[in-house]
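Analysis of the macromolecular model
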Amino acid sequence: MRVLFDVNILLDLLSDERAEQFPFSVEAFTLAQLNNDTMFISSSSLDNLEFILFSQVKKNNPTFTNKDCFSVARLAIKDLLTKFEVAKTPGYLDLDYDDIEDSQIIGSAITSRALVLTRDEGMMKKYPKHTMSPREFINLDRSKDVKFLDLLNINLKDSLEIDKVIDEVINSGWYIQGSCCKQFEKNFANYCGTKHCIGVANGLDALILILRAYQELGIMSAGDEVIVPANTYIASILAISANNMTPVLVEPDIKNYLIDVNKVEAAITSKTKAIMVVHLYGQITPMEQIWQLAKKYNLKIIEDSAQSHGAYYQDKRSGNLSDASGFSFYPGKNLGAIGDGGAVTTNDAQLDYTIRALANYGSEVKYKNMYKGINSRLDELQAAILDVKLGKLDGDTEKRRVIAKMYREQITNPKIILPKVELGENSHVWHVFVVRTANREAFQKYLADNSIGTVIHYPTPPHKQEAYKELSHLNLPVSEQIHREVISLPISPVQTIEQTQYVIDIVNKY
Ligand SMILES: Cc1ncc(COP(=O)(O)O)c(C=O)c1O
C-alpha cells in the first residue's frame, strides 16, 4: 500500500507524550513498516513540520538558542526521511484557499496514488475518498482481494526513479533515437549477453523485422516455412505470415507447454528455413535438440522471448540462445514499458545493421533508403523507463519465483494440475503461473467470487482463429486440450505473501 502521513500523525510518532495519547498512530506506522508499505510525507508539509518541531523544542527547552532548536527539528526530519519518501506536490493542483495546506497534501497523495493517514476530522470529512484514520488503516483486510496483475502498483513501486527520467526526457527536448535508447540497447544487450540489441516499437515488430531482414539478406524468401509451436500467442504466427512465409504448427509438450522438441524434425521440409521457439509463460524451451536440428538442416533459430526476459538455459539467457530473438515490453510483460516497446537481440552484426535500417524507413544514413522499410522505433521515454526497470528485473523475478514456489509446494488440490519445471529454477521467470483444470469456467468463477483475478492464456488456439481459417483443418489435440484447460493464477512482483497464501487456501478449498 501507499500511505501519505499527515503532519498530525508524524508529530504523534515524534513525541513520547503524543505517542502515548494516540497509540493508533504508532500502531499504524509499525504496521505499515511491517507490510513494507511505501510511506510518504508531502513535500508541502516539510517546512510546516520543521516549524512545529522547532516550536516544540523551544517550548520544552527555553534555554536553547533558535539555531539549536532548528538543528534538533532538522535532525528529526532527516531521520524521518530515512523511512519516508517525499511525495511531490503537483503544479496542476486544485488549490482550496480555505485550507491550502490540506489541499496540497491531498494533491500530493493523488499524484502518488497514496491514501492520507490522518486524525484530522475536517480533512476526512472533506476528502473521504483520499483519507483514512489510523484505526481504519489497522483494520484493513489486505489479503482478500488479489488482482490478476496489479500493473499500477508494479509501476508505482519504482515511481520516483521513473518520474525522474520522465522529467529528464521531457526536459531534454529529444524524443526519438537519442541517448536513452542507445543506453538501454547497450544495457539490455549486456543483460542478455548478446553483442547487439535494437529497440523497436513492439514485440510483434521485433519478430517481423527479424524475418524481414533475413529476406533482405537473401537467406529467406516469401513462401519459405517457419516452424512454430501451435499453442503460442498469435503474434509469433502473425510475424511469419506478415512476411508471406508459411507457419508450420508443431504440437507443444503437455508437460511444459513448450514446443515438443521430439516432434520438430518430422515437420522439417525442403522449404523450412527457421525454427521459431517461444519460451511461453516464462519458461525456456529445451534448446539442445533444437540446436542440433538447426545444425543438421542448416536452419536459423529465432526465439520469441516476449515472455521470458532473464530466463536461463544452461549459462545463457533468453535472447542469446539463437540467431535472433524478439522481445516485447508490453506493459504487462516481466520487463514492461508504460506503453508499447520491443527489441531484437542478436550476435550477428549484419542482421543488426539490416534490422536497424529496416526499422527506420529502410535507412541507415538520413534520407538514403536502401530498403522499403517501416517506422518501428523505441522512443526515448519508453527506453528511459525500461532502463530504470531493467535494474529491478532480477529482483522482481525473484519475487515471482517465491510466489511460484509457494503455489507449487502448497497447492495440493488434486483437481488442479500445476506447472512443471524440468530445467532448474533459473529456467523459468514465471511471466504467468498457468495451471490446468477440467472445468475451467467453474474454477474461474469460484476464484472471482473470492476476489481473485485470473486470465486465460489463451482461450482459442491460433489455428482456430478466424484469421487463420486456412489452418483450421489441422489436427492439434494437445494444443486444443491446453487451450481448453489452462487458467493463470495471479503472480507479480507486488503480490504479497499474505495474498499468495490467501490464493493457495482458496484454491485448496475448491
Ligand atoms: C509470445 C508473444 N509473442 C509476441 C508478442 C507480441 O508482443 P507485443 O504485444 O509487444 O507486440 C507477445 C505479447 O503480446 C507474446 O506474448
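Located above this text is the structure these notes cover.
Everything quoted here is computed from the prediction, not taken from an experiment.

1. Details of the layout of surface pockets
Roughly 1700 Å³ of internal volume is contained in the largest pocket. Along the walls of the largest pocket sit 48 residues, with Met1, Asp37, Asn153, Val494 and Thr496 positioned nearest its centre. Mapped onto the lining of the largest pocket, the elements with two or more residues apiece are strand S2 (38-42), helix H6 (100-111), helix H9 (151-156), helix H10 (159-172), helix H16 (380-410) and helix H19 (497-509). Here the element with the most residues in the lining of the largest pocket is H16; it accounts for four residues. Residues that form the lining of the largest pocket fall into these classes: 21 nonpolar, 11 polar and 16 charged. Of the voids in this model, the second largest pocket is the one considered here, and its volume is about 570 Å³. If you trace the second largest pocket, you find 27 residues lining it, with Tyr233, Ser328, Tyr330, Lys333 and Tyr458 closest to the centre. Breaking the lining of the second largest pocket down by element, the ones donating at least two residues are helix H12 (203-216) and helix H13 (234-242). Broken down by element, the residue count for the lining of the second largest pocket peaks at three residues, all from H12. Partitioned by chemical class, the residues of the lining of the second largest pocket number 13 nonpolar, 10 polar and four charged.

2. Focus: the nonpolar core
Counting 36 residues, the largest nonpolar core has Phe433 and Leu489 as the members making the most contacts within it. Breaking this core down by element, the ones donating at least two residues are H16, strand S17 (433-436), helix H17 (440-449), helix H18 (477-485), strand S18 (486-489) and H19. Per-element tally for this core: the top contributor is H19, with five residues. With sequence-adjacent residues up to four places away left out, Leu489 is seen in contact with Phe148, Tyr407, Ile411, Phe433, Val435, Phe443, Leu447, Thr454 and Val507. Membership of the second largest hydrophobic core comes to 34 residues, among which are Ile198, Val228, Ile234 and Leu249.

3. Topic: the sheet that holds strand S4 (residues 115-117)
Spatially, the five strands line up as an open sheet ordered S3-S2-S1-S4-S5, and their pairing is parallel. Lying at the two open borders of the sheet, with one neighbouring strand each, are strand S3 (85-87) and strand S5 (131-132). Where strand S1 (residues 2-5) lies against S2, three bridges are found, and the strand directions are parallel. Its bridge partner lying in S2, Val3 is registered against Met39.

4. Regarding the pattern of salt bridges
Enumeration according to the criterion identifies 25 salt bridges in this entry. Residue Arg74 pairs with Glu50 through a salt bridge whose shortest N-O separation is 2.6 Å. Of the two residues, Arg74 sits in helix H5 (residues 66-80) while Glu50 sits in helix H4 (residues 46-60), which places them 24 residues apart along the sequence. Judged by relative accessible area, which is 19%, Glu50 ranks as buried. Between Lys164 and Glu168 there is a salt bridge whose closest N-O contact spans 3.2 Å. Residue Lys164 and its partner Glu168 are both found in helix H10; the two are separated by four residues, about one turn of the helix. On the basis of relative accessible area, Glu168 is assigned to the partly exposed category, the value being 43%. Connected via shared salt-bridge partners are Asp12, Arg18 and Arg119.

5. With respect to the side chain of Ser488
By the element assignment, Ser488 lies in strand S18. A polar contact of 2.7 Å, which involves the side chain of Ser488, links it to the side chain of His457. Apart from residues no more than four positions distant in its own chain, Ser488 is found in contact with Phe148, Val432, Phe433, Val434, Gly453, Thr454, Val455 and His457.

6. Describing the site of the ligand
Around the ligand, the neighbouring residues are Asn202, Gly203, Leu204, Tyr233, Ala235, Val278, Asp304, Ala306, Gln307, Ser328, Lys333 and Tyr458. Here Ser328 contributes a side-chain N or O atom positioned 2.7 Å from an oxygen atom of the ligand. Within the side chain of Lys333, one N or O atom sits 3.0 Å away from an oxygen atom of the ligand. Relative to its free-state accessible area of 390 Å², the ligand is covered by the protein chains to the extent of 90%. Applying the majority rule of atoms within 2 Å of the grid points places the ligand in the second largest pocket. In terms of residue class, the shell around the ligand is made up of six nonpolar, four polar and two charged.

7. As for the environment of Lys129
Tracing the chain through its elements places Lys129 in the loop between helix H7 (121-126) and S5. Residue Lys129 is classed as exposed on the basis of its relative accessible area, which comes to 71%. For Lys129 and Val116, which are 13 residues apart along the polypeptide, the C-alpha to C-alpha distance reads 9.5 Å.

8. Quick look at unusual backbone geometry
Peptide bonds are trans in most cases, and residues, glycine excluded, mostly fall at negative phi. The omega torsion across His457 and Tyr458 is 10 degrees, close enough to zero to call that bond cis. Relative to the helices and strands, Tyr458 is located in the loop between H17 and H18. Phi is positive for Asn298, close to 55 degrees, though the residue is something other than glycine. With respect to the helices and strands, Asn298 occurs in the loop between helix H14 (288-297) and strand S10 (300-304). Classification of Asn298 as exposed rests on a relative accessible area of 69%.

The rules behind the values
- Residues numbered from 1 in each chain as written.
- Predicted model: local features only at pLDDT ≥ 70, side-chain atom pairs only at ≥ 80, totals over all residues.
- Heavy atoms only, no water.
- 1 Å grid on protein atoms, 1.4 Å probe; cavity = no way out; pocket = protein on both sides within 12 Å on 5 of 7 lines; lining within 4 Å.
- Points joined across faces, edges and corners; volume = space filled by probe spheres on them.
- Helix = DSSP H or I, 4+ residues; strand = E, 2+ residues; numbered from the N terminus.
- Nonpolar A, V, L, I, M, F, W, Y, C, P; charged D, E, K, R; others polar.
- Core = buried A, V, L, I, M, F, W, Y, C linked by side-chain atoms within 4.5 Å.
- Buried < 20%, exposed > 50% of the residue type's maximum accessible area, 1.4 Å probe, protein only.
- Contact = heavy atoms within 4.5 Å.
- Pairing = 2+ DSSP bridges.
- Salt bridge = Lys/Arg side-chain N within 4 Å of Asp/Glu carboxyl O.
- Polar contact = N/O pair within 3.5 Å; in protein donor to acceptor, adjacent residues only side chain to side chain.
- Near = heavy atom within 4 Å.
- Areas by Shrake-Rupley, 256 points an atom, 1.4 Å probe, with all protein chains shown as cover.
- Sits in = over half its atoms within 2 Å of the grid points.

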